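Summary of the model geometry
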Amino acid sequence: MARKSYQEKLTELREDVLYMSEVVMERLRMGLDALEQKDDALAREVIEGDGEINRMYLDLEQDCIDLLALQQPVASDLRFIAASFKIITDLERIADLATNLGEYTIDAEQDLFPDVDVQEMGELTLDMFEDAMLAYDTEDTDQCRELANRDDELDQFAERASETVVRDLIERELESADKVEQLLQDVSRLLLTIRDLERVGDHTVNIAARTLYMVENDDELIY
């Protein structure tokens, strides 16, 4: 592989990682929309699209392996390839969490907790995700460090939302065992939704951490 071709391969890898992130981001938006609109057809589209993401991940994984195996990357290139490999793993896991949203949509009966704004939390995670990938694209280390602070805010949002659900559950008066069973299922679904969106935030911080390491050889955000 000529040096020019090698550099082109590195450029293509970055572009392909960014493309994968765009697809995953769209699936996450679709999952949130399906949940908000209780749109089973949209939810199934998200679920059925997970195979495409998995194939994309495997193709990019092989690209990273080929670049490492067929070349002798200098330190900066080695960090870039390694960071990209880690980032596509986070992207694949975010796609899995989007699939979960589709499954929760199909299982849901009704929204009994109007005080919990899942969509607001979803928008926070989408904004973090988009900014993390922009930081990877532009090698913006300041944005990487800022994302870690924003994740603390997301964690606090998730904690408040979970407390609201539990408090509401304690205060409810139910007439039948059937209603209790349905309510517990709805509570479980909502708490899982909150948890999964919080995990999306964790994955965006992972992306930021790998980008910071890639650019500055700084592992302060890696945990």
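Residues numbered from 1 in each chain as written. Predicted model: local features only at pLDDT ≥ 70, side-chain atom pairs only at ≥ 80, totals over all residues. Heavy atoms only, no water.

Regarding helix H6 (residues 141–171)
Across its 31 residues, H6 extends 46 Å between first and last C-alpha, which sits within 8% of the 45 Å expected from 1.5 Å per residue. Where H6 begins, one side-chain oxygen reaches toward the backbone nitrogen of Asp142, 3.2 Å away; that side chain belongs to Asp140. (Helix = DSSP H or I, 4+ residues; strand = E, 2+ residues; numbered from the N terminus. Expected span 1.5 Å × (residues − 1). Polar contact = N/O pair within 3.5 Å; in protein donor to acceptor, adjacent residues only side chain to side chain.)

Things to note about unusual backbone geometry
Here Glu139, not a glycine, exhibits a phi torsion of approximately 60°, which is positive. The topology assignment puts Glu139 in the loop between helix H5 (118–138) and H6. Here Glu139 falls in the partly exposed class, since its relative accessible area comes to 37%. The phi dihedral of Asn217 is positive, around 55°, even though this residue is not glycine. Structurally, Asn217 is set in the segment after helix H7 (177–216). Assessed through its relative accessible area of 46%, Asn217 is described here as partly exposed. (Buried < 20%, exposed > 50% of the residue type's maximum accessible area, 1.4 Å probe, protein only.)

Structural notes on the side chain of Thr99
Here Thr99 is to be found in helix H4 (residues 75–107). For Thr99, a relative accessible area of 8% puts it in the buried group. Once residues lying within four places of it in the same chain are set aside, the contact partners of Thr99 are Val46, Ile47 and Asp50. (Contact = heavy atoms within 4.5 Å.)

Focus on a negative patch on the surface
Side chains of Glu8, Glu12, Glu15, Asp16, Asp59, Asp63 and Asp66 sit close together on the surface and give a patch of like negative charge. Contributions of two or more residues to the negative patch are made by helix H1 (3–37) and helix H3 (50–70). Examined against the element boundaries, Glu8 turns out to sit in helix H1. Glu8 gets classed as partly exposed once you look at its relative accessible area, which sits at 41%. (Patch = residues over 30% accessible without salt bridge, like charges linked within 9 Å, V, L, I, M, F, W, Y side chains within 5 Å. Areas by Shrake-Rupley, 256 points an atom, 1.4 Å probe, with all protein chains shown as cover. Salt bridge = Lys/Arg side-chain N within 4 Å of Asp/Glu carboxyl O. Lys, Arg positive; Asp, Glu negative; His and termini not counted. Charge placed at Lys NZ, Arg CZ, Asp CG, Glu CD.)

Things to note about the pattern of salt bridges
In this structure the tally under the stated criterion is 9 salt bridges. In this structure, the salt-bridge partner of Arg145 is Glu216, at a minimum N-O distance of 3.0 Å. Taken together, the residues Arg145 in helix H6 and Glu216 in helix H7 connect sequence positions 71 residues apart. You can call Arg145 partly exposed: its relative accessible area is 26%. For Asp218, the salt bridge identified is with Arg145, shortest N-O distance 3.2 Å. Of the two residues, Asp218 sits in the segment after H7 while Arg145 sits in helix H6, which places them 73 residues apart along the sequence. It is possible to trace a salt-bridge network through shared partners that takes in Arg145, Glu216 and Asp218.

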